Each structure stands twice: as C-alpha cells, then as structure tokens.
Amino acid sequence: MQPPLDSLWRSLRLCTVGNYPFPPPPTTVGAEHEPCKHRRRDVELTRQIRRIHTHSGGIYGLPRVHAILKREGIRVGRKRVERLMREAELAGVSSRRGGFTRRDPKATLAPDLVDRDFTAPALNLL
C-alpha cells in the first residue's frame, strides 16, 4: 500500500497543488522584527504632519498641510496625508460646521447702554 500523496509531498516540502516549494516559515515573530520601510516613513511623515498642524494652532486641515509638505519638498500623496491625519486624530477647523465662535452660556450679557426699546405700541405698527 502506498502512502497518500499529500503526506509524501509535505515530507518533501512541496505544495500539494503543484511542484512548488512551500514558502519558508517566518523567522521573526513579535516585537523583535523591525518595521518595514513604508511604516517607518509613515512614522516620520506623521511627526512632520503633527508639527505643521501644531504650528498652525490646530487650524490647518488636509489641503494646507499637504501644500506645506509639498512646499518643503516632501513628496507624498494627498490620500496618504489624509490617512495619517485620520490615524493621528488630527483635523482642521472648518467654519461650515457651526462657525468658530462659541458663546459661553455662563457669561453675563453686556448691559444695553443705548436703552433700545423694541416693543410696538400696537399690533401691526412699526
């Protein structure tokens, strides 16, 4: 009786689909291996994006941060900057989302020094 072909191929370190060698097992696992070049570049870009965002007082968003990086000679895609800003939880201020100024509800109102009177003497009269 012959052994099954799968176990024979496995003992010869061949793939069961064809005569291709199995990929080697990973040699480094966990925190011992160094991050790849792309991830190291992401860390450096995030540091620069955070510097630009902080320097602007947290005002600058994606378009301005990307423009400043381009002006500094750093070639990076807009979507990569967008992803890195999102991962770092950085966002610019937009006036379309309710404006910049928020009134403090605890603050006292300023006194009316002109004594304006907005009551009408009768209905439908100005």
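In the block above lies the structure referred to throughout.
Fair warning: this is a prediction, and the values are worked out from it, not measured in the lab. (Residues numbered from 1 in each chain as written. Predicted model: local features only at pLDDT ≥ 70, side-chain atom pairs only at ≥ 80, totals over all residues. Heavy atoms only, no water.)

Let's talk about helix α2 (residues 37–55)
Consideration 1: Helix length check: α2, at 19 residues, gives a terminal C-alpha distance of 27 Å against a target of 27 Å (1.5 Å per residue), a fit within 8%.
Consideration 2: All of the buried residues along α2 are D42, L45, T46, Q48, I49, I52 and H53.
Consideration 3: In the segment just after α2, G57 is the residue with positive phi, at about 80°. (Helix = DSSP H or I, 4+ residues; strand = E, 2+ residues; numbered from the N terminus. Expected span 1.5 Å × (residues − 1). Buried < 20%, exposed > 50% of the residue type's maximum accessible area, 1.4 Å probe, protein only.)

So, the nonpolar core
Consideration 1: Among the nonpolar cores identified, the biggest contains 14 residues, and I49, V65, L69, V76, V81 and M85 are the most heavily contacted of them.
Consideration 2: Elements with a minimum of two residues in this core: α2, α3 (62–71) and α4 (78–87).
Consideration 3: The dominant element in this core, judged by the number of residues it contributes, is α3, at 4 residues. (Core = buried A, V, L, I, M, F, W, Y, C linked by side-chain atoms within 4.5 Å.)

Topic: the environment of D117
Consideration 1: Its place among the elements puts D117 in the segment after α4.
Consideration 2: For D117, a relative accessible area of 59% translates into the label exposed.
Consideration 3: Within the structure, the side chain of D117 is placed 2.9 Å from the side chain of T119, a separation counted as a polar contact. (Polar contact = N/O pair within 3.5 Å; in protein donor to acceptor, adjacent residues only side chain to side chain.)

Concerning unusual backbone geometry
Consideration 1: Despite not being glycine, E89 shows a phi value in the positive range, around 55°.
Consideration 2: In this fold, E89 is placed in the segment after α4.
Consideration 3: On the basis of relative accessibility, which here comes to 73%, the residue E89 falls in the exposed class.
Consideration 4: One non-glycine residue, D115, adopts positive backbone phi at about 55°.
Consideration 5: Looking at the secondary structure, you find D115 in the segment after α4.
Consideration 6: For D115, a relative accessible area of 66% puts it in the exposed group.

Side note on the pattern of salt bridges
Consideration 1: Following the criterion strictly, the structure yields 8 salt bridges and no others.
Consideration 2: A salt bridge links R80 to D42; the nearest nitrogen and oxygen atoms lie 2.7 Å apart. Here the residue R80 occupies a position in helix α4, and D42 occupies one in helix α2, the gap between them amounting to 38 residues.
Consideration 3: Look at R80 and you get partly exposed, because its relative accessible area is 21%. (Salt bridge = Lys/Arg side-chain N within 4 Å of Asp/Glu carboxyl O.)

What about α3?
Consideration 1: Of the residues making up α3, those classed as buried are L62, V65, H66, I68 and L69. Taken down its axis, α3 places every buried residue within 160° of arc, on the same side. The outward face of α3, more than 90 degrees from its buried face, is lined by the exposed residues P63, K70 and R71.
Consideration 2: Residues of α3 that are buried in the fold lie against α2 and α4.
Consideration 3: Positive phi appears at G73, one or two residues downstream of α3, with a value of about 85°. (Arc of directions from axis to C-beta. Contact = heavy atoms within 4.5 Å.)

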